[in-house]
Amino acid sequence: MGAAVSAQYIYVGGTLLRWGDTPLSMGEPTTAAIWPGPFVAGEPAGSVWTWSVGPGASASAPGADRELTEAYGRVATWRVDGHAFATFTIDGRSDEAAGIVERRDDLWIRRDGVLVFRGRIVGAEDAVDASTHVTQFAAVDYRAMLSGAAKVEPSVPTFSAVDQGQIVWQLIQGWQALSGGDWGITQGVGSTSGVTRDETDITPFSPVGEVIDSLLRRDGGGEWEISPTMELNRWWPRRGSASGEVLDYGGVLDSVGRSLPEFGNAAGATGGQGTAAVVSADAGVGADDRGRWTVAQGYPSVSKQSTVAAKASWLLDQASTVQSEWRATFSPGRWGGLGHVWIGDTVEMRVDSGRLSVAGAHRVVELQAVCGDHGTETITVGIVGVPA
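Counting restarts for each chain, with residues numbered from 1 along the sequence as it is written. Given that the model is predicted, a residue must reach a pLDDT of at least 70 before its local features are reported, and side-chain atom pairs must reach 80 or more before they are shown or counted; all residues, however, enter totals for whole chains, interfaces and linings. Only heavy atoms go into the side-chain values, all of them from the structure, while hydrogens and water stay out.

Examining the overall build of the chain
- A tally of helices and strands in the chain yields five helices and 24 strands.
- With 388 residues in all, the chain has 44% of them scored as buried.
- Across the chain, every contact between residues at least 6 apart in sequence was considered, and the portion connecting residues at least 24 apart equals 64%.
- Every accessible area reported is derived by Shrake-Rupley at a probe size of 1.4 Å, with residue values counting cover from the shown protein chains alone. Total accessible area on the chain is roughly 19,100 Å²; 51% of this is exposed by carbon and sulfur atoms. Helix and strand definitions follow DSSP, with helices as H or I runs of at least four residues and strands as E runs of at least two, each counted in order from the N terminus. Here's how the labels work: a residue is buried when its accessible area is under 20% of the maximum for its type, exposed when over 50%, partly exposed in between, all with a 1.4 Å probe on protein chains only. By the convention used here, residues are in contact when the closest approach between their heavy atoms is within 4.5 Å.

Overview of the nonpolar core
- Counting 43 residues, the largest nonpolar core has W49, W51, L68, W78, L107, I109 and F330 as the members making the most contacts within it.
- Looking at this core element by element, the count peaks at six residues for strand 23 (residues 356-371).
- By size, the runner-up hydrophobic cluster in this structure holds 28 residues, among which are M145, W169, L171 and L215. Among buried residues, the Ala, Val, Leu, Ile, Met, Phe, Trp, Tyr and Cys ones that are joined through side-chain atoms within 4.5 Å form a nonpolar core.

Observations regarding the pattern of salt bridges
- We define a salt bridge as a contact between a side-chain nitrogen of Lys or Arg and a carboxyl oxygen of Asp or Glu at a distance within 4 Å. Taken as a whole and judged by the stated rule, the model has 18 salt bridges.
- Taking the shortest distance from any N to any O, the salt bridge between E225 and R239 comes out at 3.4 Å. Of this pair, E225 sits in strand 14 (residues 223-226) while R239 sits in the loop between strand 15 (231-235) and strand 16 (242-248); the two residues are 14 residues apart in sequence, bridging distant segments of the chain. Across the pair, R239 and E225 agree in class, each one buried.
- The structure contains a network of salt bridges with shared partners spanning D65, R66, R104 and D105.

What to know about the confidence of the model for the chain
- In the predicted model, the chain carries a mean pLDDT of 90, and the fraction of residues at 70 or more is 88%.
- Ignoring residues within four places in sequence, the model shows residues 1-19, a span with pLDDT below 50, making 62 contacts including any to other chains.
- The model gives residues 22-43 a pLDDT under 50, and that stretch makes 49 contacts with residues more than four places away or in other chains. Confidence of the prediction at every residue is given by pLDDT, a number between 0 and 100.

Considerations on the sheet that holds strand 15
- One open sheet holds the three strands; their spatial order is 12-15-14, and the pairing between them is mixed. Here the strands that pair on one side only, and so sit at the sheet edges, are strand 12 (186-187) and strand 14.
- Whenever a helix is involved, its axis is fitted only over the stretch in contact; in every case the axis is a line through C-alpha atoms, and angles between N-to-C directions fall within 0 to 180 degrees. Lying on the sheet, helix 3 (residues 164-176) is in contact with strand 12, strand 14 and strand 15; it crosses strand 15 at an angle near 155°. For two strands to be treated as a pair, DSSP must find at least two bridges joining them.

Some thoughts on the side chain of D201
- As for its placement among the helices and strands, D201 is situated in the loop between strand 13 (196-199) and helix 4 (208-216).
- Within the buried set, D201 has no salt-bridge partner at all; the shortest N-O distance to an opposite charge, 6.3 Å, is to R218.
- Pairing of N or O atoms within 3.5 Å defines a polar contact, subject to two protein rules: one partner must be a possible hydrogen donor and the other a possible acceptor, and residues neighboring in sequence count only if both atoms are side-chain atoms. Side-chain polar atoms of D201 contact the backbone nitrogen of S303, separated by 2.8 Å.
- In this structure, D201 is in contact with S301, V302, S303 and K304, ignoring residues within four places of it in sequence. Positive charges come from Lys and Arg alone, negative charges from Asp and Glu alone, with His and the N- and C-terminal ends not counted.

Examining the sheet that holds strand 19 (residues 278-281)
- In space, the three strands of this open sheet follow the order 19-18-20, with mixed pairing throughout. Looking at which strands have only one partner, the edges of the open sheet turn out to be strand 19 and strand 20 (294-298). Shown here is a sheet whose adjacent strand axes are inclined to one another by a mean of 20°, direction ignored.
- Sheet analysis places strand 18 (residues 266-270) next to strand 20, joined by five bridges and oriented parallel.

Structure follows, in structure tokens:
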């Protein structure tokens, strides 16, 4: 492939494809400008990202009724065991900015017509001087809203031998039953897990999302989301598929970075008053040439001894199985969307550079999309190495 050529227009005519910086006139019928640039010769065409706003799930008539055509600096991030969020910047004196109502409006993001994000606009920062007014907006998905606006209000529920999937649903339904709390969340996948829990120590006004996190971040737990279509999805024990996709540096991947995460082959957990500390250790810790590495976490609101033990087991699993952390950027045009590689998926990662020789299963735990103009996109993923 020859050197990249920057241009403002692409022209097509007959069997020729040309580019240039001048829009053609009506007197040149053999060629026509088919899309405004900028373009770089040799780069594949990108996908269409559409960002829209409108009254959110709390409004009487929610819906994305205004496309943001003047927004720039558009970045969206999804995480496997956390909330999704998005930011964009706009001229604060524009009609589009004036129409955005903070804390009421939702942001909808679509890629090639597929809805990939929906969240409430909860943040706005304005910088104003004599010549400019720049506003940056931030939106978070409804999983984050359950950890922010939504609280477990009295009377606080208790659960005895209830499937953990149904505890999650009932906690959300408790919020949605309150005046002004109905966001239209419905049941998605994973309504039951086959694991029952006793949950009797919920503190009044605890954030609903944090109670759910505490419930599922223990041995035998799972992962969850509120999807862009407002469905509660639960996976047991983890989301994603073993796609078999190969992510190779120098091919699908344009650049990679590696770091070491926190490691532990022993984990300690403490609970509230009246509970004893629990230590859970890997069976082979005594023969591990790295020695013993202990991680620990306190859970002061936990009052049941069995829950403390389950927390220790979960913490050990988290600290001992992740071998390395990677941040990798796709080569232009090489990410095929949610059906190609998405958070939770297990992929085959291959890197051969100097001291790094990697070929094995890795899990995608984060994906960030920087949405440029005219179909350009920069896709970066967070990937963790897992044992074979």
